[in-house]
Amino acid sequence: MTSYERIINALEGKPTDILPYIDGFNCLEARLSFFGPQVMKAGWEEIALLEAELFQSDWVIIPAPLNIPGGPGIFCDIISEDDTHLLARTFYGGIWYWRKKPYHAKAIYNPVNNLEDWERLSEPDEEKLRKRIRTLREPVKKLKDRGYFVTMEGKGAFEATWMLFRGFENTLMDIVLNPERVKKMSERAVNAIIKLGLMVKEECEVDGIWITDDLGAQKAPYFSPQQYRQIFKENHRKMVEAFKKAGLKVTFHSHGNIMPLFQDLVEVGFDSIDPLDSYDGMDFPALKKEFGEAVTLKGGISCTIGQMNKEELKKHIGEAVKIGGDRRFILSGAGGVPPEMTLENFNHYRELIYKARRSEL
């Protein structure tokens, strides 16, 4: 089976030859630690290919239409960059800051502070962005020719709203004080992601879109299920319907304890949901039992692997594979390999994954 076939089968509930898998490094700092400064001077496509081959991943993600905070992606304009810091402007005018080591990312300027800001906010220049999309054609073809399942990355109904318009704290306050405003902003943000995502689909041979949308902290979601249904659920459904109509697989990512929202996310129609991290309070065995036939579960590997010793890694991966089973499950890291993992443990981790995927662990 090719990697593409393996992922498609997993998303459609069909058998696979070995366990499908996606993983990588969790941030710019981790890539710099493991690859070194010379490699990090290469283009994103060469780094992505090296990372996929190193991990033997089935799935590669390209940096469009919006992959903040992982990096600025091709639709943001770089304001300044050196070896330690990066500033970039989003297509709605917000400004984001990255510290490369130790890794940190945050919005330092939000374009919407009042009603006047909102009303005069202009839409992205589609033709300008389309030209950038065309630079992805050859890299995507190269990845497809090697058999990978290739997705773009876009933000969901909550993250797109706060990342593009109002900022995190302001958006959380608006959810309580002015939910209708948040709903309108969410709809506008989602429309932009849909439009740009479909442009990527038109110009490149991508297979799907990975909607990243962290909806909670370790104890609970950022808002109640009722607030999710009132403000965000239909905008998520709108994304799923638009992208599936275009022939794309639509997968969903959220850190945090989103157990109270899981049924709603399944109802929206995502093809897979990740990362199911116990560190965030996610009950992977319970989710597999209740939703294992309704949606592909992707994840199982905790973001805490950098602190585990070899025996703990073996036990953790073995348990994840046992719970996930051989249908509708894609083994995946909750945050990728962190910079603090030692090279010895990293090589051991790769060996464990290799065996686990082939039922040899």
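Residues numbered from 1 in each chain as written. Predicted model: local features only at pLDDT ≥ 70, side-chain atom pairs only at ≥ 80, totals over all residues. Heavy atoms only, no water.

Enquirer: I'd like a description of the sheet that holds strand 3 (residues 77-81), backed by residues and values.
Expert: Either a parallel or an antiparallel arrangement is found when strands of a sheet pair, and the pairing is made through backbone hydrogen bonds. On the basis of which strands lie adjacent, the open sheet formed by four strands has the order 3-4-5-6 and antiparallel pairing. Unpaired on one side and paired on the other, strand 3 and strand 6 (103-109) mark the two borders of the sheet. Taken pair by pair, the neighbouring strands of this sheet meet at an average axis angle of 20 degrees, ignoring direction. Across six bridges, the pairing between strand 5 (residues 95-100) and strand 6 is antiparallel. Across the sheet, R99 pairs through a bridge with H104, a residue of strand 6. (Pairing = 2+ DSSP bridges. Helix = DSSP H or I, 4+ residues; strand = E, 2+ residues; numbered from the N terminus. Axes fitted to C-alpha atoms, helices over the stretch in contact; angles between N-to-C directions.)

Enquirer: Can you break down the sheet that holds strand 7 (residues 149-155) residue by residue, with the values?
Expert: Spatially, eight strands are ordered 1-12-11-10-9-8-7-2 in an open sheet, and the strand pairing comes out parallel. The open sheet has two edge strands, strand 1 (21-22) and strand 2 (59-65), and neither has a second partner. Bridge analysis of strand 8 (residues 208-212) against strand 9 (residues 249-253) gives five bridges, and the strand direction is parallel. Bridging from a neighbouring strand, W210 pairs with T251 of strand 9.

Enquirer: Mind laying out helix 8 (residues 168-177), listing which residues take part and the relevant values?
Expert: For helix 8, the full list of buried residues reads T171, D174 and I175. In an axial view of helix 8, the angular spread of the buried residues amounts to 105 degrees, which keeps them on one side of the axis. Of the exposed residues in helix 8, the ones pointing more than 90 degrees away from its buried face are E169, V176 and L177. (Buried < 20%, exposed > 50% of the residue type's maximum accessible area, 1.4 Å probe, protein only. Arc of directions from axis to C-beta.)

Enquirer: Can you explain the state of the cysteines? Please cite residues and give values.
Expert: Evaluated as defined, the whole model comprises zero disulfides. The closest cysteine sulfur to the non-disulfide-bonded C204 is located on C76, 17 Å from its own sulfur. No disulfide involves C303; its nearest neighbouring cysteine sulfur is the one of C27, lying 12 Å away. (Disulfide = S-S within 2.5 Å.)

Enquirer: How would you sum up the pairing of strand 11 (residues 296-301)? Please name residues and give values.
Expert: The two faces of a sheet get side chains in turn, since along a regular strand they alternate between them. Of all the six residues making up strand 11, six are buried; the element is thus mostly covered by neighbouring parts of the structure. Summarising the sheet, strand 10 (residues 272-274) and strand 11 pair through two bridges and their orientation is parallel. Its bridge partner lying in strand 11, S272 is registered against T296. In the classification by handedness, the crossover that spans strand 10, the intervening helix 12 (residues 284-291) and the parallel strand 11 is right-handed. In this structure, strand 11 lies alongside strand 12 (residues 329-333), joined through five bridges in parallel fashion. Looking at the pairing, G300 lines up with S332 of strand 12. For the crossover that starts at strand 11, traverses helix 13 (residues 310-324) and ends in the parallel strand 12, the hand is right-handed. (Right-handed = clockwise from strand over helix to strand, strands pointing away.)

Enquirer: Tell me about the nonpolar core, residues and numbers included.
Expert: If you look at the biggest cluster of nonpolar residues, it comprises 101 residues, and the most contacted ones within it are F262 and Y349. The dominant element in this core, judged by the number of residues it contributes, is helix 9 (residues 179-203), at ten residues. In contact with F262, other than residues within four places in its own chain, are I273, L276, M282, L287, F291, V295 and L297. Counting residues in each nonpolar core, the second largest holds eight residues, with I7, I8, A10 and L11 among its members. (Core = buried A, V, L, I, M, F, W, Y, C linked by side-chain atoms within 4.5 Å. Contact = heavy atoms within 4.5 Å.)

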